[in-house]
Amino acid sequence: MQETNDRLAPDEGEGSVCTEDGATIAAPAEATAGTEGTTGDGDAQGVPSEADLATSRELIEFIRDCPSMFHTAAAARRRLEGAGFTYLPESAHWDVRRGGRYYTVRNNSSVVAFRVGSRLDADGYRFQMSAAHSDQPTFKVKSVPELEGPGEYLRLDVEAYGGMIDHTWLDRPLSLAGRVLVRTANGIESRLLSLDEDVLLIPSVAIHLNRSVNDGCKFNRQVDLCPLFSAGVLRRGDFDRMLASELGVRPQDVLARDLFLVNRTQPRIWGWAREFVSAPKLDDLQCAFASLLGFLASENERDVSVWCCFDNEEVGSNTKQGAMSTLLLDTLTRLNAALGGGDEDYRRALALSFLVSCDNAHAVHPNHPELTDEANRARLNGGIVIKEAANQHYTTDAFSRALFREVCHRAGVPTQTFANRSDSAGGSTLGNLSNIQVSVHAVDVGLPQLAMHSCYETTGSRDTALGVAALKAFFDADLAIEGADRASVG
Ligand SMILES: [Zn+2]
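What you see is a predicted model; the values in this text were computed from it and never measured.

Chemist: What am I meant to see in helix α2 (residues 69-82) here?
Modeler: Helical geometry note: an α-helix holds 3.6 residues per turn, so side chains three or four residues apart project in the same direction. Counted at 1.5 Å a residue, the expected span for α2 with its 14 residues is 20 Å, and the 20 Å between its end C-alpha atoms agrees. Within α2, burial applies to Met69, Phe70, His71, Thr72, Ala73, Ala75, Ala76 and Leu80. Where α2 terminates, the next one or two residues include Gly84, which has phi positive at roughly 85°.

Chemist: Could you clarify how one ought to interpret the sheet that holds strand β11 (residues 268-270) in this entry?
Modeler: Remark on secondary structure: sheet strands pair via backbone hydrogen bonds, oriented parallel or antiparallel. Sheet architecture is open: 5 strands sit in the order β11-β12-β20-β19-β15, paired in mixed fashion. The sheet is open, and its two edges are formed by β11 and β15 (361-362), each paired on a single side. Note that strand β19 (residues 448-450) and strand β20 (residues 457-460) share 2 bridges and pair antiparallel. In the sheet register, Gln449 faces β20, and the bridge partner there is Thr459.

Chemist: Explain the packing of helix α1 (residues 50-64) against helix α4 (residues 282-297) here, please?
Modeler: Geometrically, a packed helix pair is captured by the angle between its two axes and the distance between the axes. Remark: α1 packs on α4, axes separated minimally by 10 Å, with the N-to-C direction vectors making an angle of 115°. Handedness of the α1/α4 crossing: right-handed. The segment α1 lies against α4, with Leu59, Phe62 and Ile63 engaging Leu285, Gln286 and Phe289. Residue composition of the contact of α1 with α4, grouped by class: 5 nonpolar, 1 polar and no charged.

Chemist: Hey, could you run me through unusual backbone geometry in this one?
Modeler: Note: most residues except glycine have negative phi, and most peptide bonds are trans. Going from Gly149 to Pro150, the amide bond is cis rather than trans, its omega being 5°. Here Pro150 is to be found in the loop between β5 (138-148) and β6 (154-161). Omega for the bond connecting Asp283 with Asp284 falls within 30 degrees of zero, at 15°, which places this linkage in the cis form. Relative to the assigned elements, Asp284 resides in helix α4. With a phi close to 55°, Arg274 is a non-glycine residue in the positive phi region. In this fold, Arg274 is placed in the loop between β11 and β12 (276-279). Among the residues examined, Arg274 registers 22 C-beta atoms within 10 Å and is labelled buried. Positive phi, close to 60°, is recorded for Asn381, a residue that is not glycine.

Chemist: In this structure, what is going on with the pairing of β12? I would like to understand it.
Modeler: A regular strand carries its side chains on alternate faces of the sheet. Alignment of β11 against β12, held across 3 bridges, turns out to be antiparallel. What sits directly across from Arg268, in β12, is Ser278. In this sheet, β20 lies alongside β12 in antiparallel orientation, the contact comprising 4 bridges. Bridge pairing in β20 links Phe276 to Gly460.

Chemist: For this particular structure, what's the right way to read the confidence of the model for the protein chain?
Modeler: Note: predicted coordinates in regions of low pLDDT should not be interpreted at a detailed level. Mean pLDDT over the protein chain: 91, with 91% of residues reaching 70 or higher. Taken together, the stretch residues 1-19 has pLDDT below 50 and engages in 34 contacts with residues farther than four places along the chain or on a different chain. Within the model, pLDDT remains below 50 along residues 21-43, and this stretch shows 55 contacts once partners closer than five positions in the same chain are excluded.

Chemist: Where do I start with the domain arrangement of the protein chain in this structure?
Modeler: Quoted interface sizes are often the accessible area lost when the parts come together. On domain assignment, one finds that the protein chain holds domain 1 (50-136 + 280-489) and domain 2 (138-263). Here domain 1 and domain 2 have C-alpha centroids that lie 32 Å from each other. On the domain 2 side, the residues contacting the 14 residues of domain 1 number 17 residues. The residue inventory of the side of domain 1 that touches domain 2, partitioned by class, reads 7 nonpolar, 6 polar and 1 charged.

Chemist: Would you explain helix α7 (residues 398-411) in this entry?
Modeler: Taking 1.5 Å of rise per residue, the 14 residues of α7 would be expected to cover 20 Å, and the 20 Å separating its terminal C-alpha atoms lies within 8% of that figure. Three or more residues of α7 are buried, namely Ser400, Arg401, Leu403, Phe404, Val407, Cys408 and Ala411. In an axial view of α7, the angular spread of the buried residues amounts to 165°, which keeps them on one side of the axis. On its buried side, α7 packs onto β14 (354-358), β16 (384-388), β17 (415-419), β18 (441-446), α9 (463-476) and β22 (486-489).

Chemist: Hey, could you run me through the sheet that holds strand β13 (residues 304-310) in this one?
Modeler: Here 9 strands make up an open sheet; going across it, the order is β1-β2-β3-β13-β4-β14-β18-β16-β17 and the pairing mixed. Unpaired on one side and paired on the other, β1 (86-87) and β17 mark the two borders of the sheet. Bridging between strand β3 (residues 110-116) and β13 involves 6 bridges; their strand directions are antiparallel. Bridging from a neighbouring strand, Val111 pairs with Cys309 of β13. Where α2 meets the sheet, it contacts β2 (101-106), β3 and β13, and its direction lies at approximately 20° from that of β3.

Chemist: Could you clarify how one ought to interpret the environment of Ser110 in this entry?
Modeler: Take Ser110: it is sitting in strand β3. Judged by the 28 C-beta atoms lying within 10 Å of it, Ser110 falls in the buried class. Leave out the neighbours within four places in its chain, and Ser110 touches Ala73, Val105, Ser134, Cys309, Phe310, Asp311, Gln321 and Leu327.

Calculation rules
Residues numbered from 1 in each chain as written. Predicted model: local features only at pLDDT ≥ 70, side-chain atom pairs only at ≥ 80, totals over all residues. Helix = DSSP H or I, 4+ residues; strand = E, 2+ residues; numbered from the N terminus. Expected span 1.5 Å × (residues − 1). Buried ≥ 20, exposed ≤ 12 C-beta atoms within 10 Å, placed from the backbone. Pairing = 2+ DSSP bridges. Axes fitted to C-alpha atoms, helices over the stretch in contact; angles between N-to-C directions. Left-handed = near helix turned anticlockwise from the far one by under 90°. Contact = placed C-beta atoms within 7 Å. Nonpolar A, V, L, I, M, F, W, Y, C, P; charged D, E, K, R; others polar. pLDDT = per-residue confidence, 0-100. Domains from an automatic or database assignment. Arc of directions from axis to C-beta.

Below you can see the structure in the form of C-alpha cells.
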C-alpha cells in the first residue's frame, strides 16, 4: 500500500504538547522554522512526511542488517567505507591527515569513526562527538548449548544478556546471530553468522495448565525461558552441525561462539496516519542510525567530528570495548599525536569539546501516564529528547543543555525533556561512563519510544528524521566553548 498521509485531516492531530521552545507542537512557528529538507513536507500536527517515512524505511533496513552487535559494527563499517572512510586497525601505525576520514574497530563490535577538518585550527582544535550503542537486551547461548528432554525434546541453554522484558520473547519464531570462531588451516578465524531462518521458539504454558497466568507472571529464566530447538529429529551435537553447515566448515572446527537470540518479527510502519514504527532493537539502533546519518551528512572543516558506537551498554559498559573502556581515549590521543599534537594540545582540545550521548528515551505511555513525570516527559513524534537527572546518571547540565537546545533551535528541530519521577530511580546510559575516560561537556539525548527492552519496541515515524536533523546540525555547528561560561554556535 502506498504510504500517503492524505487520510488524516489537518485537525486530527494530537492535543497540543509543549516543546521546550515554549511553542506547542500544534503551532510551533518558531520551533519548526527551517525544517524543510529535514522533516520534509510533514505538517505541524506531527503528520509524517514522505521524507520522514523514507528515513523510517531506511532505519528498518538498517535494523534488518544488525541482528547482533557484531553485525551492527559491520553495517556501520560498510556505510563508513562507502563514504570514503579509511580503516585504521588499532594494531597498525596511524597516518592521520587534515581533511581525512578514518575509523577504527575494537572486538568487531564497537566502532569509532572520525573526520578531521581541513581547516583545523592548529592553536586549539576540538572534538565534536556522538555516542550510541550497538547492543540490545537478548539471550546468549551458553558454550554447551543443548538441553536434552523432557522426552524427545531438544532445547537450548541460554542466559540473559541485559535487562529484557521476559514475556515479550514468548511464542515468537526466533533465530540466531553473532560470531563463531572456527578452526582454519592457519589457526582460528572469526566469522559472522546470521541464520535467515526460524529455528527456535519459547512456548508459553497453556492457560489450562496455569490458571493464574493472567494474574501476573514471573519467569524463572533457567526453567521457563529455554527455547525449543527440536521435537525429536535433532540430537545433541546438531546445534554445531547446523552452524557448521551454515558456515561451510566441519562441525569439529566450530571452536567457540558468541550467539544471541534474534526476534524474527518484521519491523513495520503502521497506524492509520502512519505515525508509528515498530521494530526489534530500536534501543539503540535508532540512535546509532540517526547519529551515523547526521555524521555522514555533515560538513565541518574546523573540528574533528567523531561518531562512536559502543558495545555492551546493556550490561554496564565496563568491558574492553564498552563506553567505559579506553577505546575513545585511545582513538583521540592517537589521532592527536598523529596530527602532531602533544599532551598539552590534547588536553586543550578536550576543554573545547562536546559529546552528545544518544540513547533512546521513554515516551509517555498511553495507558500509564502516571509512570512519567507530569512536566518533564516526552511524546512520540514530538522532537529529540534531552534527558536529565539530578544524580548525574545523565550527563546533561545547564551548560550542555543550553548549547544543545541552541543547536536544535537554529536547525528548527523541536526538543523535549525527560526527567525521572522523583520517586523512581530511572535508568542510565553511556554518556557519564565514557566521561570517566574522556571528560568533556556532554548532553544525554534520545529519541522517544515505547516498551523499551521489549523484543519489539515502538517509536514515532517522524522521530528518526528529527534525530538525523539534530545530529547533523550538531556536527555542522562551529562550536566555540569557553569553559562553562559561554559558547557560540556558528
Ligand atoms: Zn539503550
